[in-house]
Structure formats: structure tokens, C-alpha cells
Amino acid sequence: MSIDYHIPPPPDQTVADPAAFAGIVIEGVSKSFGAKEVLKDTNLLIHKGETLVIIGRSGEGKSVLLKHIVRLLDPDSGKIWIEGEEISLMEPAPLMELRKKFGFLFQGAALFDSMTVCENVSLMLTEHMDWSDDKIKARACECLAQVGLVDSDDKLPSELSGGMKKRAGLARAIVMKPRYILYDEPTTGLDPITSDAINELIIKLQRELGVTSIVVTHDMASAFKVADRMAMLSNGKIVFSGTVDEVRTTDHPMVRQFIEGNAQGPLGAF
Amino acid sequence: MERFFEKIGHKVIVGLLNAGEGTLLLRSILLQTPYIWKMRKEVLEQMHVVLIGSMPLVLVTSVFVGAVTAVQAVYQMQSLVPMKFLGVMISKTVFIELGPVLMALVVGSRLCAFYAAELGTMKVTEQLDAMNIMAIDPVRYLAMPRFWAATLMIPIVTIFADAVAVFGGYSISVMTLDISSGVFIEGLQMFYKHSDILGGLIKSVVFGSIIALSGIFNGFHTRGGAEGVGRATMTAVVGSCLSVLVADYFLAIILFQIIFKK
């Protein structure tokens, strides 16, 4: 017997003038891979200075959405505006300049395995800043200290544990003092204590650097801890957006099923 | 039957698309070449991989290529051609054909597999994406140094291989085939032309660029996990070997029937 769930209409995530919006505007973005339509006319607003957590089941397109923001993927249709600039048609040179404003923590950290931790962290400075070697090293060490990796600067990524890799990835992400930090599953695969340490780091960086953060996760403990606002992605669309308290108290059946981890509900089990 | 033609058509289209994308990659690499001085550390590291890393392989391969050429030449020439022509036969075969082609196949396969596997692993572990987000162009940072290292170093490896192969042929001829040292060396000098070595070197430069391009292209286009890296490596090596052999034919016509023809 099928149950009819009352699904509220999706939240309005549009603005009248995206060019005048201070944060990030994702406007009607669609993306397919072969026959699979991952994003369907997706709209999302990310306000300046907030930590937005995007939740949703695995394979719903959260990471795909994140990669569109830095144009690692191009949308089939739709537009993305960052601080009033439309990035979909941006030429390579201004796109590279724009990317310098971003830090990105990958799910697997994506450290360059032929380089030491310190070289990984300092690479962006070496490439983009006309600094002396000493100044670059000092900044890299400062970032490694911020994530608690002071004694690991000369280690190779293969010598690090999963949590240390994530922290090294985070140090690399903040080395250029970015305005935006994107986190792709920052706590996946980590033990609860290391996960909490990563969450604390995200909050600490948010407070110290005042960045706009977008966190993609399905770890609800992490989401509740770091979020200012949460948005839920399901079936290629943002179906819910609200503060942490609103998420806790909402009767939206999809959100309830997700945060309670029920197999029964409108999201289905498989 | 219809399905068979559909498959053939699909493969042709994929092949043409890859050729087009490979050409675009070559264009990007050439556009990044002005930054070669800035990237000199990476270029030198890659040159070291090609030159020093390949030496044991080159040494063993070349000695035996020279030795086999000598044995085969003596067998073919006996009672038909005087042995004073043995040196010229070995040197011309090695300089024009065996040196450049065998080095492109042996050293090239090693290098091509290395590039494809290394860059393919970087692709599937999102290291290339990380580089892009860090506003570092992977073509400038990874492809351009590898391309020029292979293109410039494969000819040097080939010169070394030519010398070792001729020495191998000489040693076997003198030690086991009853050819005197003087007869062999006289033969070496007999019909020597600079264009033989130059032609072989021009071939090596082209082969080096084909090898690098195949490895880099397949590495950058790797999809999936470990299986994808394996498939990319296999495709890169097969593509490189086939391209080298096809290019060898056209270069032989251009170099020895048009440019160096008296």
C-alpha cells in the first residue's frame, strides 16, 4: 500500500537581480550524465558569510552541485553568479582569478602524492605569489599549525592517516585566505572523534577567517554542528532550506526521514 | 550485421573525436611552452625520468639489437656479399630504422605507461581537479614538462642506443663471427652519410612527441577507478606503438624519398 506524503512546495531560492547579490546564486542549473539527470533546474542562494550545509542521500548530486560553483563542471543549462559575476561563460584567465578566492576540501583530500605536506600547502603560494621561499614556508607552517599538523610538514601524504590527510587538505584550502571554502564530505570515513575535530576546525576557520562556507555531507551530527543554514537536495532539486532549528522542528517528510535515518518514507530506501 | 556496422561507426567517431581532442591538447601544450623556464624544475625532473630511468633498458635492448643484426646480416650475406659490407649494413639498419623505432617502442612504452598511469591516478583521485581549483593549469604544470622531456630526451636516448647497438654488433662480429676489427670499421665508414643519423634523430623527435601525447592524453581522460587507470594505460601504450609505426612509414617517405634524396 502506498502512502501519500504531503510534500511542501520547494523554498524560493531565487533573487530578482542575481548580479546585485553579494553571495552565490545558482539559477536553474540542470546537469545530466548520459541518461541520468542529476540536477534538474536547481536554484540555491548562498549568503555571504554563512555556513550552508547541503544534505541529501548519496548520489543525489551534492558534489556535482559543489563542482559547478567552481566550474569544475559546466551546467547543461542555467547560470551561476558569484559576487554578481556570471561564471558560466567566463574566459579561462578570469576564471583562474576567481578560483583563487576559493578553497576546496575534497572528500579524499586530493593531496598531490609526489609532494610533501608542506609542498602541497605551499604550492598555490609558489605559483601565484611573488614571495620569498622563507615567507612561503612561514605561511604554509602557519596554516599547518591552524589545523594541528605542525610536525608533519615533511611527510608524504601516504604517511598520513585519513584525518591527517583531511586536515592537510584543509590547510591547503585556506593558504590563500579564501573568501569561500567548499567542503565535500569533510567527515566521511573518519572515526567520531576525528570527525568532531574536523567540525571544530570548520567552525574555528569560519570564526577566524569570516569565510562563506558550503559543506556537502550526509553526516547529520556534523551538519547540525557546523551549519548556519541547511538545504536538502533530493531528486535534483532543493526541496528544503532552513536554519538548524527549523530543520530540527520541521515536519517536511523528506527532511524528517533523512535526519531520523528511516528506511520508510518519501525518499524510499533504495 | 547492422549492429556490426554500428559498432564500427561508433569506433570511427570516437577515434576522430580523440584525434581532435589530442590536437587541441597539443595546441594547449605549445601555448604553454613559453613558461618552460618557469617550469624548469619539473622539466628537468621529467628529463631525468626519461634519460636516467631508461638507461638499463636501453643498454640491454641495444646490445642485443646490434648483436642480432650482426648474426642475421652474416647469415643473409654469406657467399653473396663480401663481409666488408657488414659494418655498413649494421650501422645503416640501426641508425635509420632499428634505433629510432625500437627505442620508441621499448622506451616509449615504458614512458607512455608511466605518464598515463601517473596522470590517470591523479585524475581519478581528484588531484587534477584540485590543481584546477588552485588556479594551476594542469597542462602547464604536468603536460608541458612531460611533453618536452620526452620530445627532447628520446632522441638523446636514441643516439646512445645507436652507439651501443653498433658496439654490440661489432663485438659479436669480432668475437664470434670471424670478422676482423679492421674490416668491420672499414665497412662502418664506407657509405656513411650524416643524413642517416639526422633522419633517425628527426624520427625520434616525432616519436617522442607521439609517445608523450598519447600518455598524457589518456591519463587526462581516465575515467573510473583502478580499472580505468589500467584501461587508460593500455590504450596509451597500444595507441603510442601503432602511431609510431604508422608515423615511421610516412617519415620514411618524407625523409628518405623526398628531403634526403639526392
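Residues numbered from 1 in each chain as written. Chains lettered and ligands numbered in written order. Predicted model: local features only at pLDDT ≥ 70, side-chain atom pairs only at ≥ 80, totals over all residues.

**Student:** Please set out the overall build of chain B residue by residue, giving values where relevant.
**Tutor:** Along the backbone of chain B there are 8 helices and 0 strands. Across chain B, helices and strands are ordered from the amino to the carboxyl terminus as α-α-α-α-α-α-α-α. Structurally, chain B occupies a C-alpha span of about 65 × 55 × 35 Å along its principal axes. The buried share of chain B, reckoned over its 262 residues, is 44%. When contacts within chain B are restricted to residue pairs at least 6 apart in sequence, those whose partners lie at least 24 apart make up 89%. (Helix = DSSP H or I, 4+ residues; strand = E, 2+ residues; numbered from the N terminus. Buried ≥ 20, exposed ≤ 12 C-beta atoms within 10 Å, placed from the backbone. Contact = placed C-beta atoms within 7 Å.)

**Student:** Describe in detail the overall build of chain A, supporting the description with residues and values.
**Tutor:** Counting its secondary structure elements, chain A contains 9 helices and 10 strands. Relative to the globule expectation of 18 Å for 270 residues, the C-alpha radius of gyration of chain A, 19 Å, shows essentially globular dimensions. Along the first, second and third principal axes, the C-alpha atoms of chain A reach 65 × 40 × 35 Å. Across the 270 residues that make up chain A, the buried fraction comes to 42%. At a minimum sequence separation of 6, the contacts of chain A that also span at least 24 residues come to 65%. (Rg over C-alpha atoms; globule rule 2.2 N^0.38 Å.)

**Student:** Any details on the sheet that holds strand β5 (residues 85-86) of chain A? Residues and values, ideally.
**Tutor:** Residue and element names in this part refer to chain A. One open sheet accounts for 4 strands, arranged β2-β1-β4-β5; its pairing is antiparallel. Only two strands of the sheet have a single neighbouring strand rather than two, namely β2 (36-46) and β5. Bridge count for strand β1 (residues 24-33) against strand β4 (residues 77-82) is 5 bridges, and the pairing is antiparallel. Bridge assignment links S30 to a residue of β4, and that residue is S77. (Pairing = 2+ DSSP bridges.)

**Student:** Got a sec to walk through unusual backbone geometry? Specific residues and values, please.
**Tutor:** All names here are of chain A. In this model, K177 sits at a positive phi of 50 degrees, which is unusual for a non-glycine residue. On the secondary structure map, K177 appears in the loop between α5 (162-174) and β7 (180-184). The backbone of E185 shows a phi angle near 50 degrees, a positive value even though the residue is not glycine. Inspection of the secondary structure puts E185 in the loop between β7 and α6 (192-209).

**Student:** Tell me about the pairing of β7 of chain A, residues and numbers included.
**Tutor:** All names here are of chain A. A large share of β7 lies buried, amounting to 5 of its 5 residues. Side chains Y180, L182 and D184 project from β7 onto one buried face, and the interleaved I181 and Y183 project onto a second face that is buried too. Judged from the 4 bridges that link them, strand β6 (residues 102-105) and β7 form a sheet pairing that is parallel. Note that in β7 the partner of L105 across the bridge is Y183. For the crossover that starts at β7, traverses α6 and ends in the parallel strand β8 (residues 212-216), the hand is right-handed. (Right-handed = clockwise from strand over helix to strand, strands pointing away.)

**Student:** Account for the interface of chain A and chain B, with residues named and values stated.
**Tutor:** Across the boundary between the two partners, chain A contributes 15 residues, which contact 10 residues of chain B. Sort the elements by how many residues they give to the side of chain A that touches chain B and helix α3 (residues 117-128) of chain A lands first, with 4 residues.

**Student:** Can you tell me about α5 of chain A, naming the residues and giving the values?
**Tutor:** Residue and element names in this part refer to chain A. For α5, spanning 13 residues, the distance from its first C-alpha to its last is 19 Å, which sits close to the expected 18 Å at 1.5 Å a residue. The element α5 is extensively covered by neighbouring structure, given that 11 of its 13 residues are classed as buried. Those residues of α5 not exposed but buried are M164, K165, K166, R167, A168, G169, L170, A171, R172, A173 and I174. Summarising the contacts, the buried residues of α5 are in contact with β6, α3, α4 (133-146), β7 and α6. (Expected span 1.5 Å × (residues − 1).)

**Student:** Give a description of the sheet that holds strand β9 (residues 229-234) of chain A that names residues and reports values.
**Tutor:** Residues and elements named next belong to chain A. The sheet built from 6 strands is open, its strands ordered β6-β7-β8-β3-β9-β10 with mixed pairing. The open sheet has two free edges, formed respectively by β6 and β10 (237-243), since each of these has just one partner strand. Strand-to-strand twist of the sheet, defined as the mean angle between neighbouring strand axes without regard to direction, takes the value 15 degrees. Alignment of strand β3 (residues 51-55) against β8, held across 4 bridges, turns out to be parallel. Paired with T51 across the bridge in β8 is S213. Helix-sheet contacts for α5 involve β6 and β7, and the interaxial angle to β6 is about 170 degrees. α6 contacts β3, β7 and β8 of the sheet and is inclined by roughly 160 degrees relative to β8. (Axes fitted to C-alpha atoms, helices over the stretch in contact; angles between N-to-C directions.)

**Student:** I'd love a proper account of the nonpolar core, names of residues and values included.
**Tutor:** By size, the foremost hydrophobic cluster in this structure holds 140 residues, and its most contacted members are A171, L182 and M232 of chain A together with I154 of chain B. Excluding anything up to four places from it in sequence, A171 of chain A contacts V121, C143, L144, Q146, V147 and L149 of chain A. (Core = buried A, V, L, I, M, F, W, Y, C linked by C-beta atoms within 7 Å.)

**Student:** How would you sum up helix α9 (residues 253-260) of chain A? Please name residues and give values.
**Tutor:** All names here are of chain A. Every buried residue of α9 is listed here: M254, V255, Q257 and F258. When α9 is viewed along its axis, its buried side chains cluster within an angular range of 165 degrees and face the same direction. Where the residues of α9 are buried, they touch β3, β9, β10 and α8 (244-249). Looking at the residues trailing α9, positive phi occurs at G261, about 65 degrees. (Arc of directions from axis to C-beta.)

**Student:** Outline the packing of helix α2 (residues 40-77) of chain B against helix α3 (residues 86-124) of chain B, supporting the account with residue identities and numerical values.
**Tutor:** Residue and element names in this part refer to chain B. In contact at an axis separation of 9 Å, α2 and α3 are set at 145 degrees when each is read in the N-to-C sense. For the pair α2 and α3, the sense of crossing is right-handed. Where α2 abuts α3, its residues V50, S54, L57, V58, T61, V65, G66, T69, A70, A73, V74 and M77 lie against L86, M89, I90, T93, V94, L98, L102, M103, V106, V107, R110 and L111. A per-class count over the contact of α2 with α3 returns 18 nonpolar, 5 polar and 1 charged. (Left-handed = near helix turned anticlockwise from the far one by under 90°. Nonpolar A, V, L, I, M, F, W, Y, C, P; charged D, E, K, R; others polar.)

**Student:** Any chance you could break down the confidence of the model for chain B for me, citing the residues and the numbers?
**Tutor:** When pLDDT drops low, the exact placement of atoms in the prediction is not to be read closely. Residues and elements named next belong to chain B. Scored by pLDDT, chain B comes out at a mean of 91, with 100% of its residues at no less than 70. Mean pLDDT across the secondary structure elements of chain B bottoms out at helix α6 (residues 181-190), with 86, and peaks at helix α4 (residues 127-133), with 95. Here the prediction assigns the complex a pTM of 0.87, and the interface score ipTM is 0.88. (pLDDT = per-residue confidence, 0-100.)

**Student:** Which residues make up the environment of I36 of chain B, and what values do they have?
**Tutor:** All names here are of chain B. Looking at the element boundaries, I36 is found in the loop between α1 (2-32) and α2. Distance in space between the C-alpha atoms of I36 and Y141 is 9.6 Å, their sequence separation being 105 residues. With residues near it in sequence (within four places) discarded, I36 still touches V43, M144 and W148.

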